[in-house]
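# Topology and contacts: notes
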Amino acid sequence: MRRSWWSSTRPPGAAAAAARASSVGVTTVIQVGCDLKGSRWAADTAAAYENVHAAVALHPNEAPRIVLGDDGGTSQPPGAGGGWSRQGARAAGGDSALDEALGEIDRLAGLPQVRAVGETGLDHFRTGPEGVAAQERSFRAHIEMAKRHGKALVIHDREAHADVLRILDEEGAPDRTVFHCYSGDAEMAELCAARGYFMSFAGNMTFKNAQPLRDALAVAPLELVLVETDAPFLTPAPYRGRPNAPYLIPVTVRAMAAVRDIGEDELAAALMANTVRAFGLDGDTV
């Protein structure tokens, strides 16, 4: 059974990662950018590989970093996430720098190999109150881009469920909206389902303390469920401690099938069909 996966970080080697994934039946890649460098790399890689597609964006923690600056992680700069991007120190650029960065994301979003705008959204875990305005402005800009370019929207939502849903309601969500690394409970899953949002589950749904995620997966409509890596993070049990990678997607799928009480092949077929719909892929080439 062919399976689709997507990742939100750069793999160590695209060809090697794709080959290892293909060996376990994972054949389609959505490579997600989180800043300008990563988004350009995702777009370039997608142009070079037939079964690799790109998503481009400024991560919610990248927006305040651009506006407010970053000391490289040696302390906690106001609102910027304490060096979240691991790219070293940078000076504050203000709103004009954010506008310039958003303009480049907009350019990339128009490329044919780019299938989604994201990951964007809100992160109240790493960004302090000083960074909220930059995050929200960036999020709203990404929503507008996704709608104008006809691309899917990939959401990063960390400890910000109500505000993410509020802004999506205020701006009007794109027809295809994906909650990356879904982190809500069953009640939120019902809210997402009512709006037609896709919910993508990662390896953390296998963790012992992740019963709320399994409860959410149990109630999410099958036609709105996706799977992902969030590589190199959230490696599924029992492989925690090693870097996550696409070849481990079947481990997560197996655990998801057990929660849904359906066969692995049945779930894999649904996940592939959902990925095709969510990202506007050609079903004959995934």
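Residues numbered from 1 in each chain as written. Predicted model: local features only at pLDDT ≥ 70, side-chain atom pairs only at ≥ 80, totals over all residues. Heavy atoms only, no water.

### Considerations on helix α1 (residues 14-22)
Taken as a whole, α1 has its buried residues at Ala-14, Ala-17 and Ala-21. On an axial view of α1, the arc spanned by its buried residues comes to 70°, and they lie on one face. (Buried < 20%, exposed > 50% of the residue type's maximum accessible area, 1.4 Å probe, protein only. Helix = DSSP H or I, 4+ residues; strand = E, 2+ residues; numbered from the N terminus. Arc of directions from axis to C-beta.)

### Overview of the packing of aromatic side chains
Counted according to the given criterion, the structure contains two aromatic pairs. An angle of 50° between the planes, with centres 5.4 Å apart, marks the rings of Tyr-182 and Phe-201 as tilted. Of this pair, Tyr-182 sits in the loop between β6 (177-179) and α7 (186-195) while Phe-201 sits in strand β7 (residues 198-201); the two residues are 19 residues apart in sequence, bridging distant segments of the chain. Just as Tyr-182 is buried, Phe-201 falls in that class too. The side chain of Arg-20 reaches across the aromatic face of Tyr-247, ending 3.6 Å from its centre. Sitting over the ring of Phe-125, Arg-158 keeps its end group 3.7 Å from the ring centre. (Phe/Tyr/Trp six-rings, centres within 6.5 Å; stacked < 30°, edge-to-face > 60°. Lys NZ or Arg CZ within 6 Å of the ring centre and 35° of its normal.)

### Digging into the environment of Ala-270
Among the structural elements, Ala-270 can be located in helix α10 (residues 264-279). As for Ala-270 and Glu-223, which are separated by 47 residues in sequence, their C-alpha atoms are 6.8 Å apart.

### What about the pattern of salt bridges?
Considering all chains together, one arrives at 15 salt bridges under this definition. Put simply, Arg-40 and Glu-104 hold a salt bridge, and the shortest N to O gap is 3.1 Å. Taken together, the residues Arg-40 in helix α2 (residues 36-48) and Glu-104 in helix α4 (residues 94-109) connect sequence positions 64 residues apart. When its relative accessible area of 16% is taken as the criterion, Glu-104 is described as buried. A salt bridge links Asp-95 to Arg-137, with the shortest nitrogen-to-oxygen separation between them at 3.4 Å. A residue pair is termed long-range when its members are at least 10 positions apart, and Asp-95 in helix α4 and Arg-137 in helix α5 (residues 132-149) qualify at 42 residues. Three or more residues joined by partner-sharing salt bridges are found here, namely Glu-136, Arg-140, Asp-163, Arg-166, Glu-170 and Glu-171. (Salt bridge = Lys/Arg side-chain N within 4 Å of Asp/Glu carboxyl O.)

### Overview of the confidence of the model for the chain
In the predicted model, the chain carries a mean pLDDT of 90, and 88% of its residues have values of at least 70. In this model residues 1-6 is a low-confidence stretch, pLDDT under 50, and it forms 44 contacts with partners more than four residues away in sequence or in other chains. Across residues 80-85, confidence stays below pLDDT 50; counting only partners more than four residues off in sequence or on other chains, it has 23 contacts. (pLDDT = per-residue confidence, 0-100. Contact = heavy atoms within 4.5 Å.)

### Details of the pairing of strand β3 (residues 52-56)
Counting buried positions over the five residues of β3 gives five, a clear majority of the element. Burial of β3 is two-sided: the residues Val-52, Ala-54 and Val-56 facing one way and the residues His-53 and Ala-55 facing the other way are all buried. Bridge analysis of strand β2 (residues 26-32) against β3 gives four bridges, and the strand direction is parallel. Bridging across to β3, Ile-30 finds its partner in His-53. Once the chain exits β2 it traverses α2 before rejoining the sheet at β3, and the crossover so formed is right-handed. When β3 meets strand β4 (residues 114-123), the two strands line up parallel, connected through three bridges. (Pairing = 2+ DSSP bridges. Right-handed = clockwise from strand over helix to strand, strands pointing away.)

### Quick word on the pairing of β7
Side-chain alternation along β7 places Phe-198 and Ser-200 on one buried face and Met-199 and Phe-201 on a second face that is also buried. Relative to β7, β6 runs parallel, the two sharing two bridges. Bridge pairing links Val-178 to Phe-198 in β7. Taken together, β6, α7 and β7 constitute a β-α-β crossover, and its handedness is right-handed. By the bridge criterion, three bridges tie β7 to strand β8 (residues 225-227) in an arrangement that is parallel. Paired with Met-199 across the bridge in β8 is Val-225. Remark: the β7/helix α8 (residues 211-219)/β8 crossover connection has right-handed handedness.

### Side note on the environment of Pro-60
Among the structural elements, Pro-60 can be located in the loop between β3 and α3 (62-68). The spacing of Pro-60 and Leu-122 is 62 residues in sequence and 5.3 Å in space, taken between C-alpha atoms.

### Points about the nonpolar core
Ranked by size, the top nonpolar core spans 72 residues in total, and within it Phe-139, Leu-168, Phe-179, Tyr-182, Phe-201, Met-256 and Phe-279 carry the most contacts. Element by element, the count of residues in this core is highest for α4, at seven residues. (Core = buried A, V, L, I, M, F, W, Y, C linked by side-chain atoms within 4.5 Å.)

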